[in-house]
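Spelled out, the chains give:
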Amino acid sequence: MIDVLAAMAIVSSVIFSLLFYQMEQLQVVHSALYRTIAINQIDNLTDMIQRNNQSKKQRDILSVWNNDNSSMLPQAVGEILDDSSHKCLITLQWFYLKIQAEQIYFRC
Amino acid sequence: MLEIILAVVLASMVVVNLFDVFNIVSRVAVHEHVLLDMQNKTQLINRFLRKKIHTAGDSACLNQLPEKKENKIQAFSAHDAFQEFGINAKAGSDVLLLRECVKVQKKTQYLPLFFYIAKKSGAFDLFYQMSNHPRLLFIQGMSRFKVSLHSGLSDVVIRYQLQSIQPVLPIKKYIVQQGVIYASSKITIAD
């Protein structure tokens, strides 16, 4: 009797740990998908900024871009910081399990 | 005897529950696979289309500028694309046309390239077609493809929706993923 229970306990723990591992992997994959979307969005913004270099236009671009961010990433907020030496920093932040972010510098 | 019966009952209860857990594990694995597939497709479509749009209008393979001054990037509704080019795209979707030098049968030619979604064995997929050559399957599982041309923010804005090829259990729903591409042509000589 004890042998059977012990064997079942071992098998159950193995299967449950497999389940938890799989669930964790699913979260990792989801997180990677969001990161890919974020990188694509940063590509989109760099393309738009390089085409339009007037500051008024750039504000419009940022607003359009942030609308797209929030429709594709959970609680996404993006911003662009321009230091006067034509170097811009794009930051895109979103929330999935924890706050995550992607950043890139580019010539603007 | 009682001990054996008790052991068998307990063992069968555990086995039934383990079977359920194993079932969940395999469903999660399928879901994971679908998400990975979406990620790959998102990367592929964004990189490929962005690169194609950047090089649209490249007429370097011609000794002179194209005879007819045609737009290097154009968007058509499915209906208009059918009327003009005989392309059978999904109703309500758009067709993207890019013109550039491409290598076909070991010869570089300035040709129109079409990108559109159409039905193939039940589901809608994204196809890539060079001029009047046979279409090529580019991305499997795409239910939306809208193209708009702007002179303001970017030359081309593409909004698309990827869809899983099969429904995911236990919700039995297709997983969808929205995507957007803003890109501008870097080539100016063909204009």
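Treat the numbers as computed from the prediction; the structure is a model and nothing was measured.

(A) Up close: the overall build of chain A. Broken down by element type, chain A carries 2 helices and 3 strands. The helix and strand sequence of chain A, counted from the amino end, reads α-α-β-β-β. In summary, chain A has a C-alpha radius of gyration of 22 Å against a globular reference of 13 Å for 108 residues, an excess of more than 25%. When the backbone C-alpha atoms are referred to their principal axes, chain A occupies close to 80 × 25 × 15 Å. Going through the 108 residues of chain A one by one, you find that 21% of them count as buried. Counted over contacts in chain A with a minimum sequence separation of 6, partners at least 24 positions apart contribute 35%.

(B) Local environment of the overall build of chain B. Looking only at helices and strands, chain B has 2 helices and 8 strands in total. Going from N to C terminus, chain B has its helices and strands arranged as α-β-α-β-β-β-β-β-β-β. Expected size for 191 residues packed as a compact globule is a radius of gyration near 16 Å; at 24 Å, chain B overshoots this value by more than 25%. Dimensions of chain B, computed from the C-alpha atoms along their principal axes, are close to 95 × 40 × 30 Å. Expressed as a percentage of the 191 residues in chain B, the buried residues total 35%. In chain B, the proportion of contacts linking residues at least 24 apart, taken out of those at least 6 apart, comes to 50%.

(C) Broad picture of the interface of chain A and chain B. Counting residues at the interface gives 33 residues for chain A and 31 residues for chain B. Broken down by element, the residue count for the side of chain A that touches chain B peaks at 25 residues, all from helix α1 (residues 2-51) of chain A. Looking at side-chain class alone, the side of chain A that touches chain B contains 19 nonpolar, 9 polar and 5 charged residues.

(D) Main features of the nonpolar core. Formed by 53 residues in total, the largest nonpolar core has its most connected members in Ala89(B), Val95(B), Tyr116(B), Ile117(B), Met142(B) and Ile158(B). Top contributing element to this core by residue count: α1(A), with 8 residues. Excluding its chain neighbours within four sequence positions, the residues that come into contact with Ala89(B) are Ala78(B), Ala81(B), Val95(B), Tyr116(B), Ile117(B) and Ala118(B).

(E) Expanded view of the sheet that holds strand β1 (residues 73-77) of chain B. Residue and element names in this part refer to chain B. What the 5 strands build is an open sheet, ordered β1-β2-β3-β4-β5; its pairing is antiparallel. Bordering the open sheet on either side are β1 and β5 (136-139), each of which pairs with just one other strand. Recorded for the sheet is a direction-independent mean angle of 35 degrees between the axes of neighbouring strands. Across 9 bridges, strand β2 (residues 94-104) lies against strand β3 (residues 107-120) in antiparallel orientation.

Criteria and cut-off values
- Residues numbered from 1 in each chain as written.
- Chains lettered and ligands numbered in written order.
- Predicted model: local features only at pLDDT ≥ 70, side-chain atom pairs only at ≥ 80, totals over all residues.
- Helix = DSSP H or I, 4+ residues; strand = E, 2+ residues; numbered from the N terminus.
- Rg over C-alpha atoms; globule rule 2.2 N^0.38 Å.
- Buried ≥ 20, exposed ≤ 12 C-beta atoms within 10 Å, placed from the backbone.
- Contact = placed C-beta atoms within 7 Å.
- Nonpolar A, V, L, I, M, F, W, Y, C, P; charged D, E, K, R; others polar.
- Core = buried A, V, L, I, M, F, W, Y, C linked by C-beta atoms within 7 Å.
- Pairing = 2+ DSSP bridges.
- Axes fitted to C-alpha atoms, helices over the stretch in contact; angles between N-to-C directions.

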